[in-house]
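The primary structure of each chain is shown beneath.
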Amino acid sequence: MVIKEAILQSLDDLKSLVNHAQVYNHIIENNYYKFEQGKTPKATISAQLGDFIRKNDVRVKRIKSKNGTYVYYLTKYKDELNLENIIVSEEKKTPVNLEQKSSGIKAYQERDLHKLLSSYLHSQDIFAKTIYHEQSKNNIDNHQKWIHPDIV
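Residues numbered from 1 in each chain as written. Predicted model: local features only at pLDDT ≥ 70, side-chain atom pairs only at ≥ 80, totals over all residues. Heavy atoms only, no water.

**Description of the overall build of the chain**
Link 1 in the chain: Along the backbone of the chain there are five helices and four strands.
Link 2 in the chain: Looking at the chain as a whole, 26% of its 152 residues qualify as buried.
Link 3 in the chain: Restricting the contact set of the chain to residue pairs at least 6 apart, pairs at least 24 apart contribute 42%.
Link 4 in the chain: Of the roughly 11900 Å² of accessible surface on the chain, 50% is carried by carbon and sulfur atoms. (Helix = DSSP H or I, 4+ residues; strand = E, 2+ residues; numbered from the N terminus. Buried < 20%, exposed > 50% of the residue type's maximum accessible area, 1.4 Å probe, protein only. Contact = heavy atoms within 4.5 Å. Areas by Shrake-Rupley, 256 points an atom, 1.4 Å probe, with all protein chains shown as cover.)

**So, a nonpolar patch on the surface**
Link 1 in the chain: Side chains of Y108, L113 and L116 sit close together on the surface and give an oily, nonpolar patch of about 330 Å² of accessible area.
Link 2 in the chain: For L116, the location among the structural elements is in helix α5 (residues 110–123). (Patch = residues over 30% accessible without salt bridge, like charges linked within 9 Å, V, L, I, M, F, W, Y side chains within 5 Å. Salt bridge = Lys/Arg side-chain N within 4 Å of Asp/Glu carboxyl O.)

**Re the pattern of salt bridges**
Oppositely charged side chains are able to pair whenever their charged atoms sit close together.
Link 1 in the chain: Applying the stated criterion across every chain, the model contains four salt bridges.
Link 2 in the chain: The partner of K55 in a salt bridge is D51, with the nearest N and O atoms 3.5 Å apart.
Link 3 in the chain: Classification of D51 as buried rests on a relative accessible area of 16%.
Link 4 in the chain: Across the pair R59 and D57 runs a salt bridge whose closest N-O atoms are separated by 2.7 Å.
Link 5 in the chain: Under the relative-accessibility criterion, R59 is labelled partly exposed at 41%.

**Some thoughts on the packing of aromatic side chains**
Link 1 in the chain: Across all of its chains, the model carries two aromatic pairs by this definition.
Link 2 in the chain: Here the aromatic rings of Y24 and F35 are separated by 5.4 Å at their centres, their planes lie at 50°, and the arrangement is tilted. Of the two residues, Y24 sits in helix α2 (residues 20–29) while F35 sits in the loop between α2 and α3 (41–54), which places them eleven residues apart along the sequence.
Link 3 in the chain: By relative accessible area, which is 15% here, Y24 ends up buried.
Link 4 in the chain: Of the aromatic side chains, those joined through ring pairs into one cluster are Y24, Y33 and F35.
Link 5 in the chain: Above the face of the F52 ring, K4 is positioned so that its terminal group lies 5.1 Å from the ring centre.
Link 6 in the chain: Note that R62 overlies the ring of Y70, its terminal NZ or CZ placed 4.0 Å from the centroid. (Phe/Tyr/Trp six-rings, centres within 6.5 Å; stacked < 30°, edge-to-face > 60°. Lys NZ or Arg CZ within 6 Å of the ring centre and 35° of its normal.)

Following this line, the structure appears as structure tokens:
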């Protein structure tokens, strides 16, 4: 039996709302799957349960419990479970802002680019120093404020 089949079999046996640790314990108790090489088998179960959700597998559903953790169940037992008392908020998929995703342009501030330019210049054996004028003690006149740093 592969791990996903073991998870489905475990959820089918339990017939209730369970978290990933309970699924893991049930798999171990019934010897559905042997975790031989993995160092974090509970995290593997959690990841596989999340994989069911991400791939929109209709057999497994999850809800957020009152303590903030996810609980999983098989959809064929949805009517038997009393979900109204447990559901705090069902997971909602937020629509992706297409305009933001399609542009792919990141806006950088001038200060962010100083480190990049300084490291490039340093690789060319040129040493650069950023001067922040707003930290200067000689900045008395408000009309002569420097709002952008310089590199020397």
